[in-house]
Amino acid sequence: MLLFCVHAAPSIPRPRVNARHNRIGPLYHKGWYHLFYQWNPDSAVWGNITWGHAVSRDLLHWLHLPLAMVPDHPYDANGVWSGSATRLPDGRIVMLYTGSTAESSAQVQNLAEPADASDPLLREWVKSDANPVLVPPPGIGPTDFRDPTTAWRTPGNDTPAWRVAIGSKDRDHAGLALVYRTEDFVRYDPAPALMHAVPGTGMWECVDFYPVAAGSGAAADSGDGLETSAAPGPGVKHVLKASLDDDKHDYYAIGTYDPATDTWTPDSAEDDVGIGLRYDYGKYYASKTFYDPVLRRRVLWGWVGETDSERADILKGWASVQSIPRTVLLDTKTGSNLLQWPVVEVENLRMSGKSFDGVALDRGSVVPLDVGKATQLDIEAVFEVDASDAAAVTEADVTFNCSTSAGAAGRGLLGPFGLLVLADDDLSEQTAVYFYLLKGTDGSLQTFFCQDELRASKANDLVKRVYGSLVPVLDGENLSVRILVDHSIVESFAQGGRTCITSRVYPTRAIYDSARVFLFNNATHAHVKAKSVKIWQLNSAYIRPYPATTTSL
Ligand SMILES: *[C@@H]1O[C@H](CO)[C@@H](O)[C@H](O)[C@H]1NC(C)=O
Ligand SMILES: *[C@@H]1O[C@H](CO)[C@@H](O)[C@H](O)[C@H]1NC(C)=O
Ligand SMILES: *[C@@H]1O[C@H](CO)[C@@H](O)[C@H](O)[C@H]1NC(C)=O
Ligand SMILES: *[C@@H]1O[C@H](CO)[C@@H](O)[C@H](O)[C@H]1NC(C)=O
């Protein structure tokens, strides 16, 4: 199950997923974080989907357990697909998941529970005799009904008390979320209205729905996440997220949930689900959050798929990894976006660190940062554009867009500048992580945050792109970025996690002892200063079969 790729194996631990799709049912139970993932035991391509299962004490070191569920009933013979766990107040754990049926490959929802909830490892799962508990309703295609959410409890004394959302689409290609009401997780009533629908967005996979603390409430001030059933009201917003089957991106929107009707309304119609903000502008899909009661945070996990060919995946024997888990909060400064940040446990992997302060970056410059081998790094960098340079420009690159640009080689007046990671000494390979400023004739500045993979690898069987989007920068704020580098994966977070980008690159030269990191400024007009750069080497962590052979757990 754990195979090593020759030079690109990420060694910051992520359960490696041998499947083309990965939707997960995360859960915290009796001291362990559980990850259930979509897994094909037979091949590194999609098919024969079962539930793999791994556990961790810290979200970083992982132990693989036996498969949690396999396709063995008519209601899931074609695949045990994605699902979600819900913990009930009495300690019971219910797992709802989509099965693809033997007969017609219809998508139905099934119920499973741990055979023994007192087992911290939840090794055995029992499928309900009542399965399937939900089948596609009238008007919904039989293969357009999947991925039940974690259930939430209504704030009042309603019966039934629980709600579950399921993703779908209608005949006119609107993506939508259906809500069901249940008391016992066996019988369900459809809510009278759709929870939400957005025309033109197609099938919604892996819908996620959760509250975030808004304004200056106690939870927002403490940086706490909210439990899934936290009551709506002043100081609470609800996030609706969908993974768009059409373009394989994860979109979210912030809005208001009405528990009386089980409908949700976005704060901004222009930034609705599927047409507005994304969790990540790179390779990142089928994500899901869960509430961690220990550190009282909401944790997000995404699937980082492959950029190499299916043939290469079969040769290396595995495909895809999970991203580093991220905490998710509402950005109370802007009120209009989330903040995603690597879970605090990542900082426990930091080893020796180096600081570089006040590095001047002249126009067209590239400055090496001597940190030794640069394959596993945690980087925090703060940049400043010379204010008089920016002021002297009347208009700059107003039509710029990361994905249609030439990447770091496309020079503008006020950008690009940032870092080159997974680079070799002569820059024959480099992944650029950078800012790019635009200026309107009215004096307004806009900031793009981009990641350029075009020169990331000499290998020619990879998909290489320039990714990115706008990032809000408020008055008086520095430009800041955090970058996690791990052999073949670069995960970047701009402005405290307002805009994030994940790249899967497979360098062929910038590997092991030859991997370097540089600062660069390719703007034609702006002088830039790297006010502070901190770079830590990151330790490896393990992923191995259970049982643990050390006592460190
Ligand atoms: C599914 O499993 C069967 C039996 O193990 C195997 O023959 C087949 O190749 C598998 N299909 C895929 C796509 O892995
Ligand atoms: C950038 O261009 C792409 C492709 O044309 C488009 O889909 C996207 O909306 C643009 N992004 C911005 C921020 O304008
Ligand atoms: C800066 O732009 C020039 C001209 O396009 C290009 O040759 C060079 O590689 C760029 N620098 C970086 C660091 O990408
Ligand atoms: C900007 O960055 C500098 C250097 O890291 C730091 O001292 C300062 O506090 C930052 N300012 C803001 C507003 O975050």
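Per an unreviewed UniProt entry, the protein carries the name Beta-fructofuranosidase 1 and comes from Zea mays. The UniProt entry for the protein carries the following comment under Sequence similarities (unreviewed entry): "Belongs to the glycosyl hydrolase 32 family."

*Asks:* In this structure, what is going on with empty space enclosed by the protein? I would like to understand it.
*Replies:* To find leftover empty space, one rolls a probe the size of a water molecule over the atoms. Applying the stated criterion to the full structure yields two cavities of 30 Å³ or more. Roughly 40 Å³ of internal volume is contained in the largest cavity. Contributing to the lining of the largest cavity are Thr 307, Glu 453, Ala 456, Ser 457, Leu 462, Val 463, Lys 464, Arg 504, Val 505 and Tyr 506. Here the residues of the lining of the largest cavity sort into five nonpolar, two polar and three charged.

*Asks:* I tried to follow the layout of surface pockets on my own but got confused; where do I start?
*Replies:* Estimated volume of the largest pocket: approximately 460 Å³. Lining the largest pocket are 22 residues; nearest its centre among them are Leu 437, Leu 445, Thr 447, Val 473 and Leu 479. Residue assignment for the lining of the largest pocket shows that the elements contributing at least two residues are strand E26 (376-385), helix H3 (387-392), strand E28 (431-439) and strand E29 (445-452). Per-class residue counts for the lining of the largest pocket are 13 nonpolar, five polar and four charged.

*Asks:* Looking at this structure, I do not really get the packing of aromatic side chains. What am I missing?
*Replies:* Any aromatic ring pair is given by two values, namely how distant the centres are and how the planes are angled relative to each other. Under the counting rule described, the total for this entry stands at 24 aromatic pairs. Linked through ring pairs, Tyr 28, Tyr 33, Trp 62, Phe 290 and Trp 301 together constitute an aromatic cluster. The ring of Trp 536 has Arg 350 sitting right over it, with the charged end atom 3.6 Å from the ring centre. In this arrangement the basic side chain of Arg 544 is found over the ring face of Tyr 542, its NZ or CZ atom lying 3.7 Å from the centre.

*Asks:* Teacher, can you tell me more about the nonpolar core here?
*Replies:* Note that soluble globular proteins tend to have their nonpolar side chains buried in a common cluster. Judged by nonpolar contacts, the single largest core of 44 residues is most densely connected at Ile 379, Phe 383, Leu 419 and Val 517. For this core, the leading source of residues is E26, giving five residues. If you look at the next biggest cluster of nonpolar residues, it comprises 22 residues, including Tyr 28, Leu 35, Trp 62 and Phe 290.

*Asks:* What is the right way to read the site of ligand 3 from this model?
*Replies:* Every residue lining ligand 3 is accounted for by Ala 408, Ala 409, Arg 411, Leu 420, Gln 430, Arg 455, Phe 520 and Asn 522. A distance of 3.5 Å separates an oxygen atom of ligand 3 from a polar side-chain atom of Gln 430. Within the side chain of Asn 522, one N or O atom sits 2.4 Å away from an oxygen atom of ligand 3. Bound to the protein, ligand 3 loses 64% of the 360 Å² it would expose on its own. Counted by class, the shell around ligand 3 contains four nonpolar, two polar and two charged residues.

*Asks:* Looking at this structure, how should I read the sheet that holds strand E18 (residues 263-266)?
*Replies:* Strand pairing within a sheet occurs via backbone hydrogen bonds; the two strands may be parallel or antiparallel. The sheet built from four strands is open, its strands ordered E15-E16-E17-E18 with antiparallel pairing. A single partner strand is all that each edge strand has here, and the edge strands are strand E15 (204-213) and E18. Here the strands of the sheet are splayed against their neighbours by 40° on average, with no regard to which way each runs. Both E15 and strand E16 (residues 236-244) contribute to a ladder of eight bridges, which runs antiparallel.

*Asks:* Mind showing me how you'd approach the site of ligand 4 here?
*Replies:* Surveying the vicinity of ligand 4 reveals the residues Val 382, Gly 476, Asn 478, Lys 531 and Ser 532. The separation between an oxygen atom of ligand 4 and a polar side-chain atom of Asn 478 is 2.3 Å. Within the side chain of Ser 532, one N or O atom sits 3.5 Å away from an oxygen atom of ligand 4. Relative to its unbound accessible area of 360 Å², ligand 4 is 40% covered by the protein chains.

Rules of the game
Residues numbered from 1 in each chain as written. Chains lettered and ligands numbered in written order. Predicted model: local features only at pLDDT ≥ 70, side-chain atom pairs only at ≥ 80, totals over all residues. Heavy atoms only, no water. UniProt positions renumbered as here; feature names shortened; annotations may be inferred. 1 Å grid on protein atoms, 1.4 Å probe; cavity = no way out; pocket = protein on both sides within 12 Å on 5 of 7 lines; lining within 4 Å. Points joined across faces, edges and corners; volume = space filled by probe spheres on them. Nonpolar A, V, L, I, M, F, W, Y, C, P; charged D, E, K, R; others polar. Helix = DSSP H or I, 4+ residues; strand = E, 2+ residues; numbered from the N terminus. Phe/Tyr/Trp six-rings, centres within 6.5 Å; stacked < 30°, edge-to-face > 60°. Lys NZ or Arg CZ within 6 Å of the ring centre and 35° of its normal. Core = buried A, V, L, I, M, F, W, Y, C linked by side-chain atoms within 4.5 Å. Buried < 20%, exposed > 50% of the residue type's maximum accessible area, 1.4 Å probe, protein only. Near = heavy atom within 4 Å. Polar contact = N/O pair within 3.5 Å; in protein donor to acceptor, adjacent residues only side chain to side chain. Areas by Shrake-Rupley, 256 points an atom, 1.4 Å probe, with all protein chains shown as cover. Pairing = 2+ DSSP bridges. Axes fitted to C-alpha atoms, helices over the stretch in contact; angles between N-to-C directions.

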